[in-house]
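The primary structure of each chain is shown beneath.
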Amino acid sequence: MQNELFKEKEIWHSDLGEVVPEGKDPETTQAEQENTDGTEEAQENGQPIVADFLTEERSRLHETMSLLGLETYCNRKLSLQDARQISFDSMKNWAPQVPTDLPWSFLRKLLALNSEVRNTTLLSDLPQDDRTGEKETQVDEQEIYWGTSEDIYSLTELVTTPDVPLNPLDLLCALLLCSDSFLQQELLVKMSLCQFALPVVLPDSETQNHTFLLWALRGVMRTWWWQSPGGPRTWREESLVLTRVPIISFARMDISSHSKSHLLNAVMSPSHHQPHDYFCHREMPSAANAREIADGLVEMSWYSPGSSSKENLDVFPEPVAFANLRGEIGSHWQQFKLLTETSAAVFILTDNIGQKEYELLCSLSGSTTRYYLILSPYRGKRNANLRFLNKLVSVLQIDYSHVLVKVSSTDSKRLVKRLQAIVVNVIKSASRKVSLEDMAETARTLGLKVDEDCEECQKARERVEKITQDIQDVELYKREKLRLQGDPWRSIAQVEKELCRLQRAGDSSPEKYKSELRQRLLALRMHQNRYELGGGMQEFIKGIANPSLVEKQYFLGWMKLKLEEMARQGRRQPPEALAPLGPKHSRPAELSEQLWPTSLGVEHFLREMGQFYEAECYLVEAGKMAESQKRFTHFVGLASELVLSGFPLELMDRGTCCVPLRWVTGILRELHARLEGRPRLLVLSVLGAEGTGKSTLLNTMFGLQFATSRSYKPHGTFMQLISVTEDFRQDLGCDFILVIDSGGLTGGAVAARGERYELEVSLATLAMGLSNITVVSMAETKDTPLAALHAFLKLEKLGHVPNCQLVSQDLSDGPVPRPNPRDRKQLLEQLNDLSKAVAEMEKQDEERALSDTVLCDPEKHIWHIPRLWHGMPPMAPVSLGYCEAVFELKRCLLENIRNGVCHQHRDIVHLVELVGRL
């Protein structure tokens, strides 16, 4: 024993605490019993457990799906369209009362970025003799226009019913198994924004074909401060699946007194902060419930440094990923092998190392991965542990520093600090850095299914690569392959605007000048019509014309991902002073555009299709082409199918601020034909200065996908269609809500007379003129776009002013007190002054205050939205106050629609007429 590395005194009298008498257990918890799942007893009795275990797992899966009411969706998967639909429940501050409510509650809350989504506690209805309290609750709901500090999704008068406890990880796994690939992707994007650990390997106890969720993770982006060699620290954004980082994995062998998830949360959090719940752990509401179907789940959470200064405020100096295997490694060896073959370090938590555990660990011999053991001596058999530890020295290449011991509850902080120090050392010396794409390759060799390997996804990817392989220089590609837009489209837009304004007629008569403009326009359109569709455009059209809806969705998804990745690679990094963690709106618009060059997106290909269609239609109208010669008539049908599937479609290109009238009206008419008598629309638009959170607001309210990336942000005006459920259409008075997200306007201080200002007025007039409701987003009064105020005055003359909601968003780095009525009145007074200044600038005879037209009641028309992040990015989750306030705004908007406060709902034919007039 003299040569043995591990001795009792050295191990049990570690620097993490004093020894506890053998057999004494200061931390016996219910969760320890749950960890065994009955397998320990079976092993001791020598029972064969594998076949029985699989049968039991299948039974558990069926029971869970039946409990949640999801049996129907095991084959017919839930789609993103299903999750987005507007229904009665969209207006309710409700909590689930029966298990079948849980999936829908989870979907709604997660799409709304509610951080309490993982609470699966059920609430029952009040007793019949306690209806007074229920009425009082309903009154209170009407009084929280401005949001409260309480959770709007739960009502205090309701009582919990723990009859059917469900672990939130079981609910997550059940929903992912019942969702299609595109809903899975959106759910994981939302989970990432909430800073939840993301599922990477999804267990399926029915088929045992566990799935590596590569496609589902492709939409997730991560940002961090990056130190370039010899240069300043800059803000970097990358796709999660492409980012190579060291992976630190945690797994349980046999029984462990430690909670892996609780320990991981503490390791990832600064010591002076309360640990954030990245991983679900037993102390969270309902998370102590025994898992039924989630064992075998592999979750990962990524740490990203966020300090831009030289002060060491980050837990880790570089990005690092933490993986957590749910369940015991012996029962989920395939998943554990994936972690051992891709991780820089693996921490194994156990109380005992017996013969079975020793043999499992011996199978890891020869690996280059660093292994660490976390033991609890008061649960373990010390002599046996010491004996097997000494045997493992040469097998796992470990020494004393690779064994950590926690012997009492007071050791937690020291254990966390020791773990953080080890992880820092691993990061600095890590030779193995892998991406999720690398992990997927390893998963395939181990027999795991990868979601991207389906035929539709691979065919779509191949088609996209045919397009993108020709894109070496974005600007050059636009000029040579997308030839109908750019300068030709700008020239046409200028001529069409001059036809309406006749500002440069000079000495010519109006009729002669119009004739000259028409001839110039005809020449430009004929020049466009001479071009043929390039190879890339032909492949794009084949992609969106594919009869397989799934393959078409994959195609659009791959196009978006590939083009955004090109934008990230090609953009120039701004200097540190222009890339703060603070709001983007602090950068002047002109400087922002200079530093963040224009990129290539799906909208450019659709815009090119629109110009081919427009040129052909114009020549037919001018008598220069026969109707039978038209080749691109079907383009509007393809575009309308995209709109119906929920894809954002460009309404106006900010580069020209001109609507391709024939293209847009053609799409709307096609929509009218396809909807077959259900064309009633409610149009909602959002305007505001760049960086004031417009797109994020819409995405949170309705679960939409308007672009919000730092690296790629289209500047045009986009529209997206949301369906209303059949049972709610009559009550709401419309079948669809058409949401318009305008490009960022210039804030008041930067705006000035000139062509740019006129273009922005046109953009604001179009968005507001089409709308029943307009939401104006701002951070400060100085950010109010003068173009929006000008559009209000212009539309008032035409007799159409939409219902207006002014949203003041907090983009500061610290908390701001909730506004009181005096604050709202002061804000309204400032806006009145601005509107009068605009009226004077436009030389209007009558100076009308904004409160005289649209913001007549500051209590009902002015909203304060708290800060988006709870803490400092990039590790900050979305704040509960933000999602509560956005939900209240959404509820108010739907209530206004329902009560007829807005202007009458439009049909598509009316919308076509409005587009033509505006």
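Residues numbered from 1 in each chain as written. Predicted model: local features only at pLDDT ≥ 70, side-chain atom pairs only at ≥ 80, totals over all residues. Heavy atoms only, no water.

**Notes on the nonpolar core**
Ranked by size, the top nonpolar core spans 123 residues in total, and within it Phe212 and Leu436 carry the most contacts. The residue makeup of this core includes at least three contributed by each of domain 1 (201-450) and domain 3 (678-917). With near-sequence residues (within four places) excluded, Leu436 lies in contact with Val200, Phe212, Leu214, Leu217, Leu240, Val241, Met300 and Trp302. Ranked by size, the runner-up nonpolar core spans 86 residues in total, among them Leu556, Leu638, Met652 and Tyr757. (Core = buried A, V, L, I, M, F, W, Y, C linked by side-chain atoms within 4.5 Å. Buried < 20%, exposed > 50% of the residue type's maximum accessible area, 1.4 Å probe, protein only. Domains from an automatic or database assignment. Contact = heavy atoms within 4.5 Å.)

**Section: the pairing of strand S9 (residues 320-328)**
Look at any regular strand and the pattern is simple: side chains alternate between the two faces of the sheet. Extensive coverage of S9 is indicated by the burial of nine of its nine residues. Examined bridge by bridge, strand S7 (residues 247-252) and S9 share five bridges and lie parallel to one another. Residue Ile248 lies in a different strand from S9, and its bridge partner there is Phe322. Where strand S8 (residues 298-303) and S9 come together, six bridges link them in antiparallel fashion. Looking across to S9, one finds that Trp302 is bridged to Ala321. (Helix = DSSP H or I, 4+ residues; strand = E, 2+ residues; numbered from the N terminus. Pairing = 2+ DSSP bridges.)

**As for the confidence of the model for the protein chain**
In this model, the protein chain carries a mean pLDDT of 81, and residues with pLDDT of at least 70 account for 76%. Within the model, pLDDT remains below 50 along residues 13-50, and this stretch shows 61 contacts once partners closer than five positions in the same chain are excluded. (pLDDT = per-residue confidence, 0-100.)

**So, the sheet that holds strand S14 (residues 649-652)**
Within the open sheet, the seven strands sit side by side as S14-S16-S17-S15-S18-S19-S20. Their pairing is mixed. Looking at strand neighbours, the two that pair on one side only are S14 and strand S20 (862-865), the edges of this open sheet. Between one strand and the next, the sheet's axes are offset by a mean angle of 25 degrees, whatever the strand orientation. Note: strand S18 (residues 773-778) against strand S19 (residues 803-809), six bridges, orientation parallel. Following the sheet pairing, Thr774 is matched in S19 by Cys804. (Axes fitted to C-alpha atoms, helices over the stretch in contact; angles between N-to-C directions.)

**Remarks on unusual backbone geometry**
Residues Pro873 and Pro874 are joined by a peptide bond in cis, for which omega reads 10 degrees. Here Pro874 lies in the loop between S20 and helix H33 (880-898). Despite not being glycine, Leu113 shows a phi value in the positive range, around 60 degrees. Mapped onto the fold, Leu113 is located in the loop between helix H6 (102-111) and strand S1 (123-124). The exposure class assigned to Leu113 is buried, which follows from its relative accessible area of 2%. Of note, Ser286 is a non-glycine position whose phi angle comes to about 70 degrees, a positive value. Secondary-structure assignment places Ser286 in the loop between helix H11 (260-268) and S8. Given the relative accessible area of 14%, Ser286 is considered buried.

**Description of helix H27 (residues 694-702)**
Residues lying three or four places apart along an α-helix face the same way, a consequence of the helix completing one turn every 3.6 residues. Taking burial as the measure, the nine residues of H27 include eight buried ones, the bulk of the element. Every buried residue of H27 is accounted for by Lys694, Ser695, Leu697, Leu698, Asn699, Thr700, Met701 and Phe702. Where H27 terminates, the next one or two residues include Gly703, which has phi positive at roughly 70 degrees.

**A word on the pairing of S20**
Residues Ile862 and His864 point to one face of S20 and Trp863 and Ile865 to the other, with burial holding for every one of them. Bridge analysis of S19 against S20 gives four bridges, and the strand direction is parallel. Bridge assignment links Ser808 to a residue of S20, and that residue is His864.

**A closer look at the UniProt feature "coiled-coil region" (unreviewed entry) in the protein chain**
The sites that UniProt annotates as "coiled-coil region" (unreviewed entry) are residues 450-477. Span residues 450-477 is 64% helix and 4% strand, its end C-alpha atoms 33 Å apart. (UniProt positions renumbered as here; feature names shortened; annotations may be inferred.)

**Overview of the sheet that holds S9**
The strand order across the open sheet built from nine strands is S12-S11-S10-S7-S9-S8-S3-S4-S13, with neighbouring strands paired in mixed fashion. If you trace the sheet from one side to the other, it starts and ends with strand S12 (403-405) and strand S13 (449-450), each paired once.

**Focus on the packing of helix H20 (residues 510-529) against helix H24 (residues 602-621)**
It is the contact of H20 with H24, at a shortest axis distance of 9 Å, that shows an interaxial angle of 130 degrees. When the interaxial angle is binned, H20 and H24 end up oblique. Seen along the crossing, H20 lies across H24 with a hand that is left-handed. Across the interface between the two elements, Arg518, Leu521, Leu522, Arg525, Met526, Gln528 and Asn529 of H20 pack against Gln611, Glu614, Ala615, Glu616, Tyr618 and Leu619 of H24. Of the residues assigned to the contact of H20 with H24, the class counts are six nonpolar, three polar and four charged. (Parallel < 35°, antiparallel > 145°, perpendicular 65-115°, else oblique. Left-handed = near helix turned anticlockwise from the far one by under 90°. Nonpolar A, V, L, I, M, F, W, Y, C, P; charged D, E, K, R; others polar.)

**Focus on the state of the cysteines**
Summed over the entire model, instances satisfying the criterion amount to zero disulfides. Cys883 provides the cysteine sulfur closest to Cys194, a residue in no disulfide bond, and the two sulfurs are 7.8 Å apart. Looking at Cys194, the relative accessible area reads 0%, which means it is buried. (Disulfide = S-S within 2.5 Å.)

**As for the environment of Ile255**
Note that Ile255 resides in the loop between S7 and H11. Taking C-alpha positions, Ile255 is 9.8 Å from Ile353, a pair spaced 98 residues apart along the chain.

**Overview of the environment of Ile348**
Summarising the element assignment, Ile348 is placed in strand S10 (residues 345-350). On a C-alpha basis, the gap between Ile348 and Ile374 in space is 6.1 Å, while along the polypeptide they are 26 residues apart. Filtering out sequence-adjacent residues up to four positions away, Ile348 remains in contact with Ala251, Met253, Phe336, Leu361, Tyr371, Tyr372, Leu373 and Ile374.

**Some remarks on the pattern of salt bridges**
Overall, the coordinates contain 40 salt bridges when judged by the stated rule. Across the salt bridge formed by Arg291 and Asp295, the nearest N and O atoms sit 2.6 Å from each other. Accessibility assignment for this pair places Arg291 and Asp295 in one class, buried. We note a salt bridge from Arg891 to Glu888, for which the minimum N-O separation is 2.9 Å. In this pair, Arg891 and Glu888 both sit in helix H33, three residues apart, roughly one turn of the helix. By relative accessible area, Arg891 is classed as buried at 5%. (Salt bridge = Lys/Arg side-chain N within 4 Å of Asp/Glu carboxyl O.)

**Topic: the packing of H6 against helix H8 (residues 168-177)**
Helix-helix packing is described using two parameters, namely the angle between the two axes and the distance between the axes. One way to put it is that H6 packs onto H8 with a least axis distance of 10 Å and a crossing angle of 85 degrees. One way to sum up the angle between H6 and H8 is to call them roughly perpendicular. On H8, the residues touching Leu102, Pro103, Phe106 and Leu107 of H6 are Leu171, Leu172 and Leu175. Looking at the contact of H6 with H8, its residues break down into seven nonpolar, no polar and no charged.

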